[in-house]
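# Chain and residue survey
So the chains spell out like this:
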Amino acid sequence: MVSIITQVTIKAPAKVEKISMKMEEDVVMNKFKPKNPYIGMCFLNTKITGDDAPGETWHMVFNIEGEVPYREGHTIGVIPDGINKNGKPHKLRLYSIANSALGD
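Keep in mind the model is a prediction, meaning the values are calculated, not measured. (Residues numbered from 1 in each chain as written. Predicted model: local features only at pLDDT ≥ 70, side-chain atom pairs only at ≥ 80, totals over all residues. Heavy atoms only, no water.)

It is worth spelling out the pattern of salt bridges at this point. This model, assessed by the stated rule, comprises 2 salt bridges. Between Asp51 and Lys47 there is a salt bridge, with the nearest N and O atoms lying 3.4 Å from each other. With relative accessibility at 76%, the residue Asp51 sits in the exposed group. Notably, a salt bridge pairs Lys47 with Glu56, separated by 4.0 Å at the nearest N-O pair. (Salt bridge = Lys/Arg side-chain N within 4 Å of Asp/Glu carboxyl O. Buried < 20%, exposed > 50% of the residue type's maximum accessible area, 1.4 Å probe, protein only.)

Here's what the structure looks like:
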């Protein structure tokens, strides 16, 4: 018979400082709202997924003239001009802002 003696030391986890993503340098959050929108122009709107894909991914390029601060990973709301098939104004659509680096 073999006797084994072990010693376990447990340390309290180190405290991690929480950083608010809302406090990112040079990015103003919620600058524009549906009742006070920024009016811009979409230069490019191209579907980049195949017809047999389970979902759709679109590549869209907007002219924001430096007025809409953002970071990759944020979401941008878009209200298209015109009316829908029921004759009502289009509602807000949310789009994720992808990384602008090549290969992503």
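The structure having been displayed, the exposition proceeds.
A cluster of nonpolar side chains, contributed by Met41, Phe43, Leu44 and Val61, occupies part of the molecular surface with about 360 Å² of accessible area. The greatest single-element share of the nonpolar patch, amounting to 3 residues, is contributed by strand 1 (residues 41-47). Along the chain, Leu44 falls in strand 1. Given the relative accessible area of 34%, Leu44 is considered partly exposed. (Patch = residues over 30% accessible without salt bridge, like charges linked within 9 Å, V, L, I, M, F, W, Y side chains within 5 Å. Areas by Shrake-Rupley, 256 points an atom, 1.4 Å probe, with all protein chains shown as cover. Helix = DSSP H or I, 4+ residues; strand = E, 2+ residues; numbered from the N terminus.)

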